[in-house]
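Survey of secondary and tertiary structure
These are the residues of each chain, in order.
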Amino acid sequence: MNIKIYKRLVLNRTSFLTIVLFCLVFMNKLPAEESNLTLNILNLEKPGVLYLTICNNAAGFENSVENEIEEASCLNERNEIDPKNLSEINGILPNGEYAIAVFVDVNGNKKIDKNFLGIPKEQYGFSNNAMGRMSAPTFEQAKFNVKGPTTHSILLRTGIPK
């Protein structure tokens, strides 16, 4: 085989593989279907700042809940909230599984206050109204599916759930 023909075949093969790889990477980035999520926050006792974390994976959810940090893989929002004017919170998310954690910061210190035993003194809640045993629930306990218009209610609690 002539060297020129061999080089041309190698270049064509490399170009072809590059084009295929490019298509695989960027065709996968097409926008996902999105749905409207409506959250109803129930049992709000006092006005404050609602801290809302929506995660689509277990690692992000459990890290954000256990360590009380804003996880990069999660959507984190803060909104002023008042029991007199509370209606609902609306957002648009790609279809998929999510878990939500919320708490209401009444005193403005940007964290959930706990007593000396680690029991929350400010209101908090999770999707599916899930509760763990002496801890936050897992992603599996709190996850729910968003596909099409979805309404989800979260019951706020204080202290240990009864």
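Here we summarise the structure given alongside this text.

Rules and cut-offs
Residues numbered from 1 in each chain as written. Predicted model: local features only at pLDDT ≥ 70, side-chain atom pairs only at ≥ 80, totals over all residues. Heavy atoms only, no water. Helix = DSSP H or I, 4+ residues; strand = E, 2+ residues; numbered from the N terminus. Buried < 20%, exposed > 50% of the residue type's maximum accessible area, 1.4 Å probe, protein only. Areas by Shrake-Rupley, 256 points an atom, 1.4 Å probe, with all protein chains shown as cover. Contact = heavy atoms within 4.5 Å. Phe/Tyr/Trp six-rings, centres within 6.5 Å; stacked < 30°, edge-to-face > 60°. Salt bridge = Lys/Arg side-chain N within 4 Å of Asp/Glu carboxyl O.

Things to note about the overall build of the protein
Scanning the protein from N- to C-terminus turns up three helices and eight strands. Seen in sequence order, the protein has helices and strands lined up from the N terminus as α-β-β-α-β-β-β-β-α-β-β. Relative to its full complement of 162 residues, the protein shows a buried share of 33%. When the accessible area of the protein is evaluated, it comes to approximately 10900 Å², of which 56% is carbon and sulfur surface.

Some remarks on the environment of Tyr 51
Inspection of the secondary structure assignment puts Tyr 51 in strand β2 (residues 48-55). Judged by its relative accessible area of 12%, Tyr 51 falls in the buried class. Sequence-distant contacts of Tyr 51, defined by excluding residues within four places in its chain, comprise Glu 77, Arg 78, Ala 101, Val 102, Phe 103, Asp 105 and Lys 110.

Quick notes on the packing of aromatic side chains
By the definition in use, this model includes four aromatic pairs. Geometrically, the ring pair formed by Phe 61 and Phe 139 is edge-to-face, given 6.2 Å between the ring centres and 65° between the ring planes. With Phe 61 in helix α2 (residues 58-66) and Phe 139 in helix α3 (residues 139-142), this pair connects stretches of sequence that are 78 residues apart. For Phe 139, a relative accessible area of 5% gives the class buried. Taking 6.1 Å as the distance between ring centres and 65° as the angle between the ring planes, the aromatic pair formed by Tyr 124 and Phe 126 counts as edge-to-face. By relative accessible area, Tyr 124 is classed as buried at 8%. Chaining the aromatic ring pairs together yields one cluster made of Phe 61, Tyr 124, Phe 126 and Phe 139.

Details of the pattern of salt bridges
If you walk through the whole model with that rule in mind, you get two salt bridges. With its nearest N and O atoms 3.7 Å apart, the salt bridge here joins Glu 97 to Lys 143. Taken together, the residues span a long stretch of sequence, with Glu 97 in strand β5 (residues 96-105) and Lys 143 in the loop between α3 and β7 (144-146) at a distance of 46 residues. Looking at Glu 97, the relative accessible area reads 39%, which means it is partly exposed.

Examining the environment of Lys 111
The topology assignment puts Lys 111 in the loop between β5 and β6 (124-126). Through-space distance from the C-alpha of Lys 111 to that of Glu 122 is 9.3 Å; in sequence the pair is 11 residues apart.

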